[in-house]
Amino acid sequence: MNDTIAAIATPLAQGAISIIKVSGEDAIENVNKIFDRDLTKFKRNTINYGNIVDGEKIIDEVMVSIFKGPHSFTREDVVEINTHGGVLVTRTVLTLLL
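Residues numbered from 1 in each chain as written. Predicted model: local features only at pLDDT ≥ 70, side-chain atom pairs only at ≥ 80, totals over all residues. Heavy atoms only, no water.

A.B. asks: Help me get a handle on the overall build of the protein chain, residues and values and all.
C.D. replies: Within the protein chain, the regular secondary structure consists of 2 helices and 5 strands. When its helices and strands are written in sequence order, the protein chain yields β-β-α-β-β-β-α. The buried share of the protein chain, taken over its 98 residues, is 36%. Nonlocal contacts in the protein chain, meaning residues at least 24 apart in sequence, comprise 45% of its contacts between residues at least 6 apart. Looking at the protein chain as shown, the accessible area adds up to about 6,000 Å², and 54% of this sits on carbon and sulfur atoms. For the protein chain, the distance from the average position of its 10 positive side-chain charges to the average position of its 13 negative side-chain charges is 6 Å. (Helix = DSSP H or I, 4+ residues; strand = E, 2+ residues; numbered from the N terminus. Buried < 20%, exposed > 50% of the residue type's maximum accessible area, 1.4 Å probe, protein only. Contact = heavy atoms within 4.5 Å. Areas by Shrake-Rupley, 256 points an atom, 1.4 Å probe, with all protein chains shown as cover. Lys, Arg positive; Asp, Glu negative; His and termini not counted. Charge placed at Lys NZ, Arg CZ, Asp CG, Glu CD.)

Encoded structure:
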């Protein structure tokens, strides 16, 4: 039960905001690979502004929430990425995570 998982947590439809949740021991490390700021430098239970990137290309401006275990609902590290809504951006960010 030490797998790190990622999933879309909001309906995959047209909307203002989409949330992608990443949970598990590698959650912060996995999001760090596509976020333009170093999440390991932020305190737990914070919301941080930055960009999701694919190499040099900016995919979206986002807010990233960090919940470090055992001080999270699931007692493991959880990262929530709040992207602009819509199917394309949401699927692109999830694909980059996977």
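So that's the structure; there's more coming.
A.B. asks: So what's going on with the environment of valine 64? Residues and values would help.
C.D. replies: Turning to its location among the elements, valine 64 is positioned in strand E4 (residues 57–67). Sequence separation between valine 64 and glutamate 25 is 39 residues; the distance between their C-alpha atoms is 17 Å. Excluding its chain neighbours within four sequence positions, the residues that come into contact with valine 64 are Phe35, Leu39, Thr46, Ile47, Asn48, Val79, Glu80 and Ile81.

A.B. asks: Quick one: what's the story with the sheet that holds strand E2 (residues 17–23), residue by residue and with numbers?
C.D. replies: The 5 strands lie next to each other as E1-E2-E5-E4-E3, forming an open sheet whose pairing is antiparallel. Two strands bound the open sheet, and with one partner strand each, they are strand E1 (5–8) and strand E3 (46–54). The sheet shows a mean angle of 25 degrees between the axes of neighbouring strands, direction not considered. The sheet contact formed by E1 and E2 spans 4 bridges and is antiparallel. Bridge assignment links isoleucine 5 to a residue of E2, and that residue is serine 23. Where helix H2 (residues 87–97) meets the sheet, it contacts E1, E2, E3, E4 and strand E5 (78–84), and its direction lies at approximately 145 degrees from that of E5. (Pairing = 2+ DSSP bridges. Axes fitted to C-alpha atoms, helices over the stretch in contact; angles between N-to-C directions.)

A.B. asks: Go over the pairing of E4, please, and point to the residues and values.
C.D. replies: Strand direction decides the pairing type here: E3 and E4, joined by 9 bridges, are antiparallel. Residue pairing for E4: glycine 50 is matched across the bridge by valine 62. Counting the residues that bridge the hairpin from E3 to E4 gives 2 residues, and of these glycine 55 lies at a positive phi of roughly 70 degrees. Where E4 lies against E5, 5 bridges are found, and the strand directions are antiparallel. Paired with phenylalanine 67 across the two strands is valine 78, which belongs to E5.

A.B. asks: How would you sum up the pattern of salt bridges? Please name residues and give values.
C.D. replies: In a structure, side chains of opposite charge can pair up when their charged atoms sit close to one another. The full count for this structure, using the stated rule, is 2 salt bridges. A salt bridge links glutamate 80 to lysine 21, with the shortest nitrogen-to-oxygen separation between them at 3.4 Å. You can see glutamate 80 sitting in strand E5 and its partner lysine 21 sitting in strand E2, a full 59 residues away along the chain. A residue is classified by how much of its surface remains accessible, and glutamate 80, at 17% relative accessible area, is buried. Exposure remark for lysine 21: the relative accessible area of 38% places this residue in the partly exposed category. Across the salt bridge formed by lysine 41 and aspartate 38, the nearest N and O atoms sit 4.0 Å from each other. The class of lysine 41 is exposed, set by a relative accessible area of 69%. (Salt bridge = Lys/Arg side-chain N within 4 Å of Asp/Glu carboxyl O.)

None of this, on its own, says anything about what the molecule does.
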